[in-house]
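Each chain, written out:
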Amino acid sequence: MNIPRQIKSNIYSVGAIDWDRRLFDELIPLPDGTSYNSYLIKGTEKTALIDTVDPTKQHELIENLKELRIDKIDYIVTNHAEQDHSGALPKILSIYKNARVVTNKKCKDMLINLLLIPENKFITVNDRETISLGDKTLEFIYAPWVHWPETMLTYLKEDKILFSCDLFGSHFATSDLFVTDEAKLYEAAKRYYAEIMMPFRKTIKKNLEKIKDLDIEIIATSHGSIYDKPEFILDAYEDWISDEVKNEVIIPYVSMHGSTKKMVVFLVNALVEKGITVKPFNLTVTDIGELAISLVDAATIVIASPTVLVGPHPSVIYATYLANALRPKTKFVSIIGSYGWGGKMVKQLSDMISNLKVEIIEPVVIKGFPKEDDFRALGRLADEILKKHKENNII
Ligand code: FEO
């Protein structure tokens, strides 16, 4: 189902829903599909399209524009150069021959490079510059690094709509134009934040400062539902980007013959007894997106691995690499696991988390199946985690 739908007078959603997509960037699982939102704004003098769609869905955007009988587009505002929003630009430019691409200098350079769009097709705008459509005015707000260097936002002044592209988005295919199921959307938006925006937490803070005085009635993102109650997502972002962590320990683990699993189970129980929320993730069956969501809030990560060819299990290496790349605000890390005859697991894993500003709590790595002394060491680890959470006012 893809039909143009009116958001406000002369403002339409004309993008495409991708119900079946299950992977983004050949990396990120999409359990709920996604959408590529594009918006058409008809002013009394000019018509603007805000972003386009993924090239696999460009026929749906074109159909929607036909349905609305749009025979002239003056401006195609491009908030972000990534191809899921810009990929249909060449096709749209070939149909609407007089349209000009309105964007910032960085984005223009990227579009020329990525999509081979001729330089004379562009109008370059500065931060806070405006363009009039007649009775409607577009203001462009640079918001770099959410999540590429060229990203910007577009504010439609008269209608108080912020077109935020990826920022505040969610990979969520739905036939509802506006948010209807807040709980479900919250999860989808948090997953999206964790996987795409979290590495840029500090930059998002700065960019939110830039828009805090805007009068916003609607946030229209380029993925997922439109927010007609913007405070829902603005409040969620305030929480996610804050420096506060929660009294949670996540334990990504793999166990080959049961020794590491036995340690994980013991540690989970010990932490739960102390009133700490624990989330173990068996990496052989874990949706990596679920792990990413948990990284948004958790105070502590305990990585648990057996030893394979002197190092950690490859699935643990993958999860650790990802956690390091996503730069969560986690405060403490420890490592537990078992080896048969030796290894360098602790050093290798410690070397992999240089992006994380964490304190390492003494690892517990044992030989073979855990014995009484080993369980005592795990008990001490649980005590230490509790102590650190208390000292840092996390409990
Ligand atoms: Fe939805 Fe960064 O693209």
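This is a predicted model, so every value here is computed, not measured.

Focus on the overall build of the protein
Part 1: When you go through the protein residue by residue, the secondary structure sums to twelve helices and 23 strands.
Part 2: Summarising its shape, the C-alpha atoms of the protein cover approximately 80 × 40 × 35 Å along the three principal directions.
Part 3: In the protein, which comprises 395 residues, the proportion classed as buried is 57%.
Part 4: Total accessible area computed for the protein in this model is approximately 16,800 Å², and 51% of it derives from carbon and sulfur atoms.

Some thoughts on the pattern of salt bridges
Two side chains carrying opposite charge are able to pair once their charged atoms lie near each other.
Part 1: In total, this model carries 31 salt bridges according to the counting rule given.
Part 2: Between Lys-246 and Asp-239 there is a salt bridge whose closest N-O contact spans 3.6 Å.
Part 3: Shared partners join several salt bridges into a network, and the residues in it are Glu-359, Glu-384, Lys-387, Lys-388 and Glu-391.

A few points about the domain arrangement of the protein
Part 1: If you check the domain split of the protein, you get domain 1 (5-241) and domain 2 (249-388).
Part 2: In this structure, domain 1 and domain 2 have C-alpha centres spaced 39 Å apart.
Part 3: Each side of the interface is counted separately: domain 1 has 14 residues, and domain 2 has 15 residues.
Part 4: Between domain 1 and domain 2, a total of about 1,200 Å² is buried, with carbon and sulfur atoms accounting for 62% of that surface.
Part 5: By the criterion of area lost to domain 2, the three top residues of domain 1 are Lys-190, Arg-191 and Met-198, representing 39% of everything that side buries.
Part 6: Across the contact surface, domain 1 and domain 2 share three salt bridges.
Part 7: Ionic pairing is found between Glu-290 and Arg-191, a salt bridge with its closest N-O pair at 3.1 Å.

Digging into the packing of aromatic side chains
Part 1: A complete count under the given rule lists ten aromatic pairs for this structure.
Part 2: Each ring, one from Tyr-186 and one from Phe-232, has its centre 6.5 Å from the other, and the planes form 65°; the classification is edge-to-face. One end of the pair, Tyr-186, is in helix H5 (residues 182-197); the other, Phe-232, is in helix H7 (residues 231-241), and 46 residues separate them in sequence.
Part 3: On the accessibility criterion, Phe-232 (17% relative accessible area) is buried.
Part 4: Ring centres of Tyr-227 and Phe-232 lie 6.1 Å apart, and the angle between their planes is 35°; on these two criteria the pair is classed as tilted.

Overview of H7
Part 1: Residues of H7 that are buried: Phe-232, Ile-233, Ala-236, Tyr-237, Trp-240 and Ile-241. Looking down the long axis of H7, one finds its buried residues gathered within 140° of arc, a one-sided arrangement.
Part 2: Those residues of H7 hidden inside the fold are in contact with H5, helix H6 (201-211) and strand S16 (218-221).

Re the nonpolar core
Part 1: Core analysis: the largest hydrophobic core is formed by 59 residues, its most contacted members being Phe-168, Ile-233 and Tyr-237.
Part 2: Considering each element in turn, this core owes the most residues, eight residues, to H5.

Observations concerning the packing of H6 against H7
Part 1: Where H6 meets H7, the closest approach of the two axes is 10 Å, and the angle between their N-to-C directions is 140°. One finds that H6 runs oblique with respect to H7. Two packed elements cross with a definite hand, and for H6 against H7 that hand is left-handed. Across the interface between the two elements, Arg-201, Ile-204, Lys-205 and Leu-208 from H6 touch Tyr-237, Glu-238, Trp-240 and Ile-241 from H7.
Part 2: When grouped by side-chain class, the residues that make up the contact of H6 with H7 number five nonpolar, no polar and three charged.

Considerations on the sheet that holds S16
The strands making up a sheet are joined through hydrogen bonds of the backbone, oriented either antiparallel or parallel.
Part 1: Taken in spatial order, the five strands line up as S12-S13-S14-S15-S16 in an open sheet, and their pairing is mixed. Two strands in the sheet have a free side with no partner beyond their single neighbour: strand S12 (130-132) and S16. Recorded for the sheet is a direction-independent mean angle of 20° between the axes of neighbouring strands.
Part 2: With four bridges joining them, strand S15 (residues 161-165) and S16 adopt parallel strand pairing. Residue pairing in the sheet places Ile-161 in a bridge with Ile-218 of S16.
Part 3: Running over the sheet, H6 touches strand S13 (137-142), strand S14 (152-156) and S15 and is turned about 150° from S13.

Some remarks on the pairing of S13
Part 1: Most of S13 is tucked away, with five of its six residues classed as buried.
Part 2: In the sheet, S12 pairs with S13 via three bridges, with the strands oriented antiparallel. Bridging from a neighbouring strand, Thr-130 pairs with Glu-139 of S13.
Part 3: Where S12 folds back on S13, the antiparallel hairpin that results is connected by four residues, among which Gly-134 adopts a positive phi of roughly 110°.
Part 4: Taken together, the five bridges between S13 and S14 define a ladder with antiparallel strand orientation. Residue pairing in the sheet places Ile-141 in a bridge with Leu-153 of S14.

Describing a negative patch on the surface
Part 1: Taken together, Asp-181, Glu-182, Asp-228, Glu-231, Asp-235 and Glu-238 make up a surface patch of like negative charges.
Part 2: Residue contributions to the negative patch peak at three residues, all from H7.
Part 3: Within the secondary structure, Glu-231 sits in helix H7.

Comments concerning the packing of H5 against H7
Two quantities define a packed helix pair, namely the angle between the helix axes and the distance between the axes.
Part 1: Contact geometry of H5 with H7 gives a least axis separation of 11 Å together with a crossing angle of 45°. Comparing their axes, H7 and H5 come out oblique. Taken as a pair, H5 and H7 cross one another with a handedness that is right-handed. Within the contact between the two elements, H5 uses Glu-182, Leu-185, Tyr-186, Ala-189, Lys-190, Tyr-193 and Met-197 and H7 uses Phe-232, Ile-233, Ala-236, Tyr-237, Asp-239, Trp-240 and Ile-241.
Part 2: Residues belonging to the contact of H5 with H7 are distributed by class as follows: eleven nonpolar, no polar and three charged.

About the thresholds
Residues numbered from 1 in each chain as written. Predicted model: local features only at pLDDT ≥ 70, side-chain atom pairs only at ≥ 80, totals over all residues. Heavy atoms only, no water. Helix = DSSP H or I, 4+ residues; strand = E, 2+ residues; numbered from the N terminus. Buried < 20%, exposed > 50% of the residue type's maximum accessible area, 1.4 Å probe, protein only. Areas by Shrake-Rupley, 256 points an atom, 1.4 Å probe, with all protein chains shown as cover. Salt bridge = Lys/Arg side-chain N within 4 Å of Asp/Glu carboxyl O. Domains from an automatic or database assignment. Contact = heavy atoms within 4.5 Å. Buried area = accessible area lost by both parts, 1.4 Å probe. Phe/Tyr/Trp six-rings, centres within 6.5 Å; stacked < 30°, edge-to-face > 60°. Arc of directions from axis to C-beta. Core = buried A, V, L, I, M, F, W, Y, C linked by side-chain atoms within 4.5 Å. Axes fitted to C-alpha atoms, helices over the stretch in contact; angles between N-to-C directions. Parallel < 35°, antiparallel > 145°, perpendicular 65-115°, else oblique. Left-handed = near helix turned anticlockwise from the far one by under 90°. Nonpolar A, V, L, I, M, F, W, Y, C, P; charged D, E, K, R; others polar. Pairing = 2+ DSSP bridges. Patch = residues over 30% accessible without salt bridge, like charges linked within 9 Å, V, L, I, M, F, W, Y side chains within 5 Å. Lys, Arg positive; Asp, Glu negative; His and termini not counted. Charge placed at Lys NZ, Arg CZ, Asp CG, Glu CD.

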